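Structural characterization, general
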Amino acid sequence: DPVALPEGPSRECRRLGHVGDAIVRISCIQPHLQLLDTLGRSVREILLGIEPLRTDDALLEKFVIEMRQAMTETNLPTPVIESQVASTREAYRFSRRWREVRRDESTGMIALWEQSPEDIERGAARIHLLRPGGEWLATIPFTESWTAFAFGDGTLYALARDPDTDVARLVAYRVDID
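Owing to the predicted nature of the structure, the values given are computational and were not obtained by experimental measurement. (Residues numbered from 1 in each chain as written. Predicted model: local features only at pLDDT ≥ 70, side-chain atom pairs only at ≥ 80, totals over all residues. Heavy atoms only, no water.)

**Points about the side chain of glutamine 115**
Mapped onto the elements of the fold, glutamine 115 is located in the loop between strand E6 (110-114) and strand E7 (126-130). Judged by relative accessible area, glutamine 115 falls into the buried class, the value being 1%. At 2.8 Å, the side chain of glutamine 115 and the backbone nitrogen of tryptophan 146 are in polar contact. When near neighbours in sequence (up to four residues on either side) are disregarded, glutamine 115 contacts Arg96, Arg97, Arg99, Gly123, Ala124, Ala125, Glu144, Ser145 and Trp146. (Helix = DSSP H or I, 4+ residues; strand = E, 2+ residues; numbered from the N terminus. Buried < 20%, exposed > 50% of the residue type's maximum accessible area, 1.4 Å probe, protein only. Polar contact = N/O pair within 3.5 Å; in protein donor to acceptor, adjacent residues only side chain to side chain. Contact = heavy atoms within 4.5 Å.)

In structure tokens:
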């Protein structure tokens, strides 16, 4: 049987990806990765010792106010709006900062992308590098937010967003960890 994510905030948001021939289910609230076979059975779990991060109350409230205002302008019924507001407030009480995971097939290293969600708070990308067995190697902070990334042949490729123009451009970073 497929293994469920642990109870708590990590089960509220999951993303799917792949690492080699395994399916990866990651929590977007804490760095918990489940590697699954093609039948959905757990092959391995990787849990980095990084706790979930609460979303700043002021930023969350600003987002909820803007959302409520936009929904009000569409003439939705008040109970529908308030239900959506309550649901959003609960869903975003923890930062959904864990985005995607990639594996470099040539080195076996795994890269886990961390970045604050842009709908509430904009933040720069960080990559957490893991050994093929899942042990943490390093965290690499970047100065820009990303829209996507790839990892291959010892190089991280990303679409980095310029903070002034909001235009994305391709950047590449060589990763040599000995």
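**Some points on the sheet that holds strand E3 (residues 32-36)**
Here four strands make up an open sheet; going across it, the order is E1-E2-E3-E4 and the pairing antiparallel. One side of each edge strand has no neighbouring strand; the edge strands of this open sheet are strand E1 (14-19) and strand E4 (42-47). The sheet shows a mean angle of 20° between the axes of neighbouring strands, taken without regard to direction. For E1 and strand E2 (residues 22-27), the ladder comprises six bridges, and the chain directions are antiparallel. Note on E2: the bridge partner recorded for histidine 18 is isoleucine 23. (Pairing = 2+ DSSP bridges. Axes fitted to C-alpha atoms, helices over the stretch in contact; angles between N-to-C directions.)

**Re the packing of aromatic side chains**
The tally for this structure, following the rule as stated, stands at six aromatic pairs. Ring geometry for tryptophan 113 versus tryptophan 146: centroids 6.1 Å apart, planes at 40°, classification tilted. Taken together, the residues span a long stretch of sequence, with tryptophan 113 in strand E6 and tryptophan 146 in strand E9 (residues 145-152) at a distance of 33 residues. Across the pair, exposure class does not vary: tryptophan 113 and tryptophan 146 are buried alike. With 6.0 Å between their ring centres and 35° between their planes, tryptophan 146 and phenylalanine 149 make a pair best called tilted. Lying across the ring of tyrosine 92, arginine 96 places its NZ or CZ 4.7 Å from the centre. One residue, arginine 102, lies across the ring of phenylalanine 149, its end atom 5.3 Å from the ring centre. (Phe/Tyr/Trp six-rings, centres within 6.5 Å; stacked < 30°, edge-to-face > 60°. Lys NZ or Arg CZ within 6 Å of the ring centre and 35° of its normal.)

**Some remarks on unusual backbone geometry**
Within the chain, asparagine 75 stands out as a residue other than glycine whose phi angle is a positive 65°. We classify asparagine 75 as exposed; its relative accessible area is 68%. At aspartate 166, a position not held by glycine, the phi torsion is positive, near 65°. Looking at the secondary structure, you find aspartate 166 in the loop between strand E10 (155-161) and strand E11 (168-174).

**Focus: helix H1 (residues 57-72)**
An α-helix turns once per 3.6 residues; consequently, residues spaced three or four apart project the same way. Compared with an ideal rise of 1.5 Å per residue, which puts 16 residues at 22 Å, H1 spans 22 Å between its outermost C-alpha atoms and is within 8% of the ideal. Taken together, the buried residues of H1 touch helix H2 (78-91). (Expected span 1.5 Å × (residues − 1).)

**What to know about the sheet that holds E9**
Each strand in a sheet pairs with another by means of backbone hydrogen bonds, the pair being arranged parallel or else antiparallel. Ordered by their spatial adjacency, three strands build an open sheet running E9-E10-E11, and the pairing between neighbours is antiparallel. Each edge of the open sheet carries a strand with a single partner, namely E9 and E11. Across the sheet, the mean angle from the axis of one strand to that of its neighbour is 20°, orientation sign disregarded. As paired elements, E9 and E10 share seven bridges and run antiparallel to each other. Residue pairing across strands places glycine 152 opposite threonine 155, the latter belonging to E10.

**Notes on the confidence of the model for the protein chain**
Looking at the protein chain, pLDDT values average 86 and 90% of them are 70 or higher. Every residue in residues 1-11 is under pLDDT 50, and counting partners more than four places away or in other chains gives 21 contacts. (pLDDT = per-residue confidence, 0-100.)

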